[in-house]
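In case you want the letters, here they are:
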Amino acid sequence: MKKNRRRGGCRRWFRKMCPCCCKRQNSSSYDVTDKVELVKPPAPAVVPAPEPVKPKPENGEAREMEEIKLSVHSVDLLSSKTDQNRLEHHTDLYHGEDLIIRRGQPFQMEMELNRPFNADNDKLHLDLKTGTHVIIPLVDNPEDKCWKGKIVEQNGNKIKLSVSSPANAVCGLYGLSVTSSSSKGEPATTHDCSKNIVVLFNPWCEGDTVFLDDEEERKEYVLNDIGRIYYGTEKQIGARTWNFGQFHEGILEACLFILEKSDMPASGRGDPVNVVRVISAMINAQDDYGVLVGNWSGDYSDGVSPSAWSSSVEILRKYHSTNGIPVSYGQCWVFSGVTTTVLRCLGIPARSVTNFQSAHDTDVSLTTDVYFDENLDPIDYLNSDSVWNFHVWNDCWMARPDLPPGRGGWQAVDSTPQETSQGTFRCGPASLNAIRTGEVYLKHDSPFVFAEVNSDKIYWQRNLDGTFTQFHSEKKAVGHCISTKAVGSDEREDITHLYKHPEGSEEERIAVETASRHGSKPDVYSKPMAEDVTVEVKLEGEGPRMGTDAKLSILVKNLSSSPRRTTLHSQVAVMYYTGVLKGTIKKEEMPVELLPNEEKTIEWVLPYQQYQNQLVDQAALMLTLSGRVSETHQVLANQTTFRLRTPDLIIMPLGDAVVGKEMAAKITFTNPLPRVLKGVVFRVEGLGLQKGHEVVVGDVAAHSTVTLTEHFVPTQPGPRKLVASLDCKQLTQVHGVANIDVLEQ
């Protein structure tokens, strides 16, 4: 008994000290005291296996956090229109859910992690991809000259980052991902953000080469989505409202699509010179399936007449939605309007510019040459140079570090396909300062732009031996009334002085001679001939109207103290606004006798019946006068272009203009012609008022009036413009605009 008792005591002791190694047998021989001793067993006794040893309580929480692998649950780019990013970056007018920012300026984003971020052990960086790969590390002191991020707030599992980009960052669409890891060498985890980041040029950033140091000019040349484009002739300047619509839904995506379609390397998209040059090529479809097909034939039956457009929005959206099928059709003002939209949308300050009496130099002579035969009849096959009534291109603002100092500022860029530049139909950017001083050797395409605005018009007569002799020159023939919309108003601003010195000044002559030395006819200039008889053509008031007889005045002056006699040969031809003549519709001879110092005015009339079936787009005509003074053999020559003015569409708003409330506008048109207009179509659009659409009117009888009432619901407050245009084969350039102030609801 004593032996058994000792054995039982040892077993109880061992079982008490290590219950997991010495389990009870399921037997009725258990002692009652065994149960009593195990009423409060140690904690491990209730689990089948021992638990890991816990860390000390003072730093246990931190070590437990290290055990959990860091990952990103969500990313908020703070990209809504009302968020701080959009407001500070002046991108709150753009549509879309992506984060739209301007380079060289910090932006914020928030992240939610699976646990609090530990700066000592955790690692986090951002990855941006847009054809190039940008890794953005987190640092304590971000620098302006490179991509850097910094944690500016931390609250539990949430952190807020401030990210800075360099002022020369590549512009375009970036995909964003966030990579996180810890210091233990575990594999990193990546979170792909559902939204993208769009980086634009930044005219508000001093480090950006497109920086524009005037807030009112930034509002006009970057943020204004409506403008004015000028056309006609220098004595009859017309204006039409154009909806640039760079903030309209889908336009930013279309502009980014154009950049992608250009195949320009992503690395080149940080330089505005490269971007503008590519846009100049991509807006026309001549050789790269760009946005617009140019058409000057007068036949637009398989597309839209260039004069019917009044907005860039429909053109760009159509191009994007068809995956890059060129839109039909455009002419210079349409190419310019779309270029303004794309450049402003990307953040490059831009404006549409009209040059009246715009020369087209085809042989790089930097002169506009007109050739006559022995009888002073024009030699058509040699007259390849032309002078357009008007031509519309663009100015864009940027520094030019690739040129000598002082050549930055406004740059001319032209998307209308005229001549090739390095094998592609494009033009510019050409420094206005270089053009003004005749530095045509500076890139890009300065000779062509110089000739457009400041070439002399040289008249040549063929000799009996087949050579040519210069018999007359006009030093003020081209580059008149260069116009753009004024900052902050709908007034016309004359910017001729930016392109050239005052006509006839010593500086202007030096610029012309400097430029000519770099052209194909460096020895063209000879001593000016003595002239004592002048010929000038004048228009009365705003000039002749469509549907009436065209009347002009020819003023002939004798500046000498002797009598002079001549016979003026006149011919008038219908002309495309590009300067290409369609055909002569009237010729006559006018004998003129002048007393000493006499001025004589000759009334010249072109009856409506002679031009009614001959006109082409823009309703332009050219009157050419030539003659020889009997006493001195001085040759007289003058060419004057004029247009027949068309009526405006009268737009009258009806009712209160309030966001969300239906209102109306009455559009009235009166046919000025004594003939029926066939197939009349109205095109109506208003940013923030109504989407662009067509209204088929049909035939309009002679001198009759058509009234159309449009109903619409304004969607945006503030000053708005309702724009309408008329599309008709017999009558072009008919349009109108109404200013509407929309109130908040």
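Reading the values: the criteria
- Residues numbered from 1 in each chain as written.
- Predicted model: local features only at pLDDT ≥ 70, side-chain atom pairs only at ≥ 80, totals over all residues.
- Heavy atoms only, no water.
- Helix = DSSP H or I, 4+ residues; strand = E, 2+ residues; numbered from the N terminus.
- Buried < 20%, exposed > 50% of the residue type's maximum accessible area, 1.4 Å probe, protein only.
- Areas by Shrake-Rupley, 256 points an atom, 1.4 Å probe, with all protein chains shown as cover.
- Pairing = 2+ DSSP bridges.
- Axes fitted to C-alpha atoms, helices over the stretch in contact; angles between N-to-C directions.
- Salt bridge = Lys/Arg side-chain N within 4 Å of Asp/Glu carboxyl O.
- Polar contact = N/O pair within 3.5 Å; in protein donor to acceptor, adjacent residues only side chain to side chain.
- Core = buried A, V, L, I, M, F, W, Y, C linked by side-chain atoms within 4.5 Å.
- Contact = heavy atoms within 4.5 Å.
- Parallel < 35°, antiparallel > 145°, perpendicular 65-115°, else oblique.
- Left-handed = near helix turned anticlockwise from the far one by under 90°.
- Nonpolar A, V, L, I, M, F, W, Y, C, P; charged D, E, K, R; others polar.
- pLDDT = per-residue confidence, 0-100.
- Phe/Tyr/Trp six-rings, centres within 6.5 Å; stacked < 30°, edge-to-face > 60°.
- Lys NZ or Arg CZ within 6 Å of the ring centre and 35° of its normal.

Caption draft 1: Local environment of the overall build of the protein. When helices and strands are tallied, the protein shows 14 helices and 39 strands. The burial tally for the protein puts 54% of its 745 residues in the buried class. On the protein, roughly 34,100 Å² of surface is accessible, and the fraction owed to carbon and sulfur atoms is 50%.

Caption draft 2: Focus on the sheet that holds strand β38 (residues 718–728). With antiparallel pairing, the four strands of this open sheet are ordered in space as β36-β35-β38-β39. Where the open sheet ends on each side, the last strands, each with one partner, are β36 (690–700) and β39 (731–742). Going from strand to strand, the sheet's axes swing by 15 degrees on average, the running direction of each strand aside. With seven bridges connecting them, strand β35 (residues 677–686) and β36 associate as antiparallel partners. Each bridged residue has a counterpart across the sheet, and for V681 the counterpart in β36 is V696.

Caption draft 3: Spatial organisation of the pattern of salt bridges. Scanning all chains against the criterion turns up 26 salt bridges. The salt bridge involving R218 is made with E215; its shortest N-O contact spans 2.7 Å. Here the residue R218 and the residue E215 both occupy positions in helix α5 (residues 215–223), the gap between them amounting to three residues, near one helical turn. Two residues, R492 and D494, come together in a salt bridge whose shortest N-O distance is 3.7 Å. Residue D494 is classed as partly exposed on the basis of its relative accessible area, which comes to 32%. One network of salt bridges, in which partners are shared, links E314, R683 and E694.

Caption draft 4: Geometry of helix α7 (residues 272–282). A large share of α7 lies buried, amounting to 10 of its 11 residues. For α7, the set of buried residues is P272, V273, V275, V276, R277, V278, I279, S280, A281 and M282. Residue D271 occupies the N-cap position of α7, its side-chain oxygen lying 3.0 Å from the main-chain nitrogen of V273.

Caption draft 5: Molecular detail of the sheet that holds strand β23 (residues 468–474). Spatial ordering of the open sheet is given by β16-β22-β23, a layout of three strands whose pairing is mixed. Looking at which strands have only one partner, the edges of the open sheet turn out to be β16 (367–372) and β23. Going across the sheet, the axis of each strand differs from the next one's by a mean of 30 degrees, ignoring polarity. Pairing between β16 and strand β22 (residues 456–462): six bridges, direction parallel. Each bridged residue has a counterpart across the sheet, and for D369 the counterpart in β22 is I458.

Caption draft 6: Expanded view of the nonpolar core. Among the nonpolar cores identified, the biggest contains 58 residues, and I279, V291, V342 and L346 are the most heavily contacted of them. Of all the elements in the fold, those that place two or more residues in this core are β10 (197–200), β11 (226–233), α6 (251–261), α7, α8 (313–321), α9 (332–346), β15 (350–360) and β17 (386–398). Examining the composition of this core, we find that nine residues originate from one element, α9, more than from any other. Contact partners of L346, with chain neighbours within four places excluded, come to L200, F201, C255, L256, L259, V275 and I279. Formed by 56 residues, the second largest nonpolar core is a distinct cluster that contains V592, Y608, A724 and L731.

Caption draft 7: The environment of T362, seen in detail. Relative to the elements of secondary structure, T362 occurs in the loop between β15 and β16. Judged by relative accessible area, which is 32%, T362 ranks as partly exposed. Considered as a pair, T362 and N383 are 21 residues apart in the sequence and their alpha carbons are 9.8 Å apart.

Caption draft 8: Broad picture of the packing of α7 against α9. Remark: α7 packs on α9, axes separated minimally by 10 Å, with the N-to-C direction vectors making an angle of 150 degrees. By the angle between their directions, the pair α7 and α9 is classed as roughly antiparallel. α9 is crossed by α7, and the crossing has right-handed handedness. In contact with V275, V276 and I279 of α7, α9 contributes T339, V342, L343 and L346. Grouping the amino acids of the contact of α7 with α9 by side-chain chemistry returns six nonpolar, one polar and no charged.

Caption draft 9: Main features of the packing of α6 against α7. Between α6 and α7, the shortest axis-to-axis distance is 10 Å and the interhelical angle comes to 95 degrees. One element, α6, and the other, α7, form an angle in the roughly perpendicular class. Between α6 and α7, the contacting residues are I258, L259 and K261 on the first element and V275, I279 and M282 on the second. Across the contact of α6 with α7, the residue classes break down as five nonpolar, no polar and one charged.

Caption draft 10: Representation of the environment of N323 in the model. When you line up the elements, N323 lands in the loop between α8 and β14 (327–330). The class of N323 is exposed, set by a relative accessible area of 57%. Note: C-alpha distance between N323 and A254 (69 residues apart in sequence) is 9.6 Å. If near-sequence neighbours (up to four positions away) are discounted, N323 is found in contact with F257 and K261.

Caption draft 11: A look at the confidence of the model for the protein. When pLDDT is averaged along the protein, the result is 85, and 86% of the positions lie at 70 or above. This stretch, residues 1–7, has a pLDDT under 50; its non-local contacts, to residues over four places away or in other chains, come to zero contacts. Per-residue pLDDT stays below 50 along residues 13–58; that stretch engages in 15 contacts with residues further than four places along the chain or on separate chains.

Caption draft 12: Looking closely at the packing of aromatic side chains. Counting across every chain of the model gives 17 aromatic pairs. Ring centres of Y94 and F247 lie 4.8 Å apart, and the angle between their planes is 85 degrees; on these two criteria the pair is classed as edge-to-face. Residue Y94 is found in the loop between α4 (84–88) and β2 (99–102), and its partner F247 is found in the loop between β12 (236–243) and α6; the two are separated by 153 residues along the sequence. Of the two residues examined, Y94 and F247, each falls in the buried class. Through pairs of rings, three or more aromatic residues link up here, namely Y221, W397 and W410. Taking NZ or CZ as reference, R351 lies 3.8 Å from the ring centre of W410, over its face. Cation over ring: R683 sits above W309, and NZ or CZ is 5.0 Å from the ring centre.

Caption draft 13: Spotlight on the environment of S181. Looking at where S181 falls in the secondary structure, it is placed in strand β8 (residues 172–182). It is 5.1 Å that separates the C-alpha atoms of S181 and K123, two residues lying 58 residues apart in sequence. Look past the residues within four positions of S181 in its chain and what remains in contact with it is L70, N121, D122, K123 and A188.

Caption draft 14: Geometry of the side chain of R407. By the secondary structure assignment, R407 is in the loop between β17 and β18 (409–413). For R407, the contacting residues outside a window of four places in its chain are R400, S431, N433, A434, E439 and L442.

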